[in-house]
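The residues making up each chain are set out below.
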Amino acid sequence: MAARSTDRILDDLVKGKGRGAPQRRKLVANKERNWLLALMLHSCAKYAEGAKLSDLESTMVAAFRKNGYTDQEIKQQGQLDTKVPKKLRDEMFPRRFAQLDVKQSYTMKDLEKDAPGIVKSVLEMPTVTRIDVPAIHAGTATLADFRLPPRATLAEYASGMTVALEQDAAATAAAPVGSRVTIKAASFKCVDRQTDSIFGPSNEPYWIFGSLGGGTTVTTRSQIFGDVDSGESRTFSAADGCIWGQNCASQALPEGEVGSLVSLWEHDEGNTEKIRAGVAVAFAAAAGILAATGVAAWVGAVVAGVGAAIGWLLGFLDDDHIADQTFVFSRGVVLKQLPNVGSSFNVTRRFTDGDGDYSLSLRVARAT
């Protein structure tokens, strides 16, 4: 089946029909995390108009250019932005960002001012689990007190976030600050494949991984797993599924917050090189924002925003988003669970949008 044109994809999205229906539902449900997407599209729209760009808008356009997007492709994203009806903009973007147009300028200073509200709104979403790590260590709470969102909530939003933070000083009693760790996907199980008969009796899922922390960015895409049916499992090779540690090599965790995004996709018509470029654009834009604003303690909101931006960019490459999960953690939290060289622990999360349903196992291991 031939790939749809961008105008056809946008029309399906605006009208909420066909494959555009779940895409629109997810964008609207995750409105509060769509602020980064709004800024990216706004910047592209201004570029398409030949308008003067602010420092933030220039950062966005530069992220596209540095990752292989041509001027025409950047302008195409801007043209898509101007074609989105006001009603849909109001539904899928936070109010401050839904009102942006090409006549307005939005700067890094503006974002610094808006950052506290963005963080608050993102962390208040019903898909977020905030674990009080100090309370657990103090014995006043247990992990069971912090329940993950139920399946119905995960299915509605097709996303989830787990936040587990503790002062980095707490790590020194557990392991040296320079201890190197790996975080990678180990395996996944298809509980229930997407029921899209157009693309055959089985799915071709792939996973996108990205992490930001301490000025370090790690972005990878897994292989495309062919012929995956309900009840089947697959494992990641030693060099696939890297989340922390480029090429799956061990790496020290930085001070402060680290944010990781895991996103599950069904491969239909998307060009694999453009998929790579789309992921790189979103993370490059996020890294630029983090470096320029100097706003502390909002890595999680930024990485959640990256998930929404990837959803848009890859959706217009005609691949289908299933679900994603964001993890926000600090070095102390990880190292306390890894007291010895060679020790490890697993984390399992569910990825579902009410149609496709998968579980993913992540392995966190200490190398030194």
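Note: the structure precedes this text.
**Some details on the environment of S233**
Move 1: Its location among the elements puts S233 in strand β6 (residues 233-235).
Move 2: Residue classification places S233 among the partly exposed positions, given a relative accessible area of 45%.

**Side note on the state of the cysteines**
Move 1: Per the stated rule, a full pass over the model turns up one disulfide.
Move 2: Here C242 pairs with C248 through a disulfide, and the sulfurs are 2.0 Å apart. Between C242 and C248, the S-S dihedral sits near -100°, and the bridge is therefore left-handed. Assigned by exposure class, C242 and C248 land together as buried.

**Points about the packing of helix α4 (residues 55-66) against helix α11 (residues 272-293)**
Move 1: Running from N to C, α4 and α11 point in directions that differ by 145°, and their axes come no closer than 8 Å. Where α4 crosses over α11, the two elements pack in a sense that is right-handed. Together, T59, M60, A63 and F64 of α4 and V281, A284, A285, G288 and I289 of α11 make up the contact between the two elements.
Move 2: Along the lines of polarity and charge, the residues of the contact of α4 with α11 split into seven nonpolar, two polar and no charged.

**Comments concerning the pattern of salt bridges**
Move 1: Under the counting rule described, the total for this entry stands at 26 salt bridges.
Move 2: D7 serves as the salt-bridge partner of K83, at 3.1 Å between the closest nitrogen and oxygen. Taken as a pair, K83 in helix α5 (residues 71-83) and D7 in helix α1 (residues 6-15) lie far apart in primary sequence, 76 residues in all.
Move 3: On the basis of relative accessible area, K83 is assigned to the partly exposed category, the value being 45%.

**So, the pairing of strand β12 (residues 357-366)**
Consecutive residues of a regular strand have side chains that alternate between opposite faces of the sheet.
Move 1: By the criterion of burial, β12 is predominantly enclosed, with eight of the 10 residues buried.
Move 2: Taken together, the 10 bridges between strand β3 (residues 180-192) and β12 define a ladder with antiparallel strand orientation. Across the sheet, residue K189 finds its bridge partner in β12, namely S359.
Move 3: The pairing of strand β11 (residues 344-352) with β12 spans nine bridges and is classified as antiparallel.

**Quick notes on the sheet that holds strand β10 (residues 320-330)**
Move 1: The strand order across the open sheet built from six strands is β1-β2-β10-β9-β4-β5, with neighbouring strands paired in mixed fashion. The open sheet terminates on both sides in strands that have one partner only, identified here as β1 (128-131) and β5 (216-221). Each adjacent strand pair in this sheet contributes to an overall mean axis angle of 10°, direction not counted.
Move 2: Sheet topology places strand β2 (residues 159-164) next to β10; six bridges connect them, and they run parallel. Paired with M161 across the strands is T326, a residue of β10.
Move 3: Along the sheet, α11 contacts β4 (205-213), β5 and β9 (257-266); its crossing angle with β4, the most-contacted strand, is approximately 20°.

Here is what the cut-offs are and how they apply
- Residues numbered from 1 in each chain as written.
- Predicted model: local features only at pLDDT ≥ 70, side-chain atom pairs only at ≥ 80, totals over all residues.
- Heavy atoms only, no water.
- Helix = DSSP H or I, 4+ residues; strand = E, 2+ residues; numbered from the N terminus.
- Buried < 20%, exposed > 50% of the residue type's maximum accessible area, 1.4 Å probe, protein only.
- Disulfide = S-S within 2.5 Å.
- Axes fitted to C-alpha atoms, helices over the stretch in contact; angles between N-to-C directions.
- Left-handed = near helix turned anticlockwise from the far one by under 90°.
- Contact = heavy atoms within 4.5 Å.
- Nonpolar A, V, L, I, M, F, W, Y, C, P; charged D, E, K, R; others polar.
- Salt bridge = Lys/Arg side-chain N within 4 Å of Asp/Glu carboxyl O.
- Pairing = 2+ DSSP bridges.

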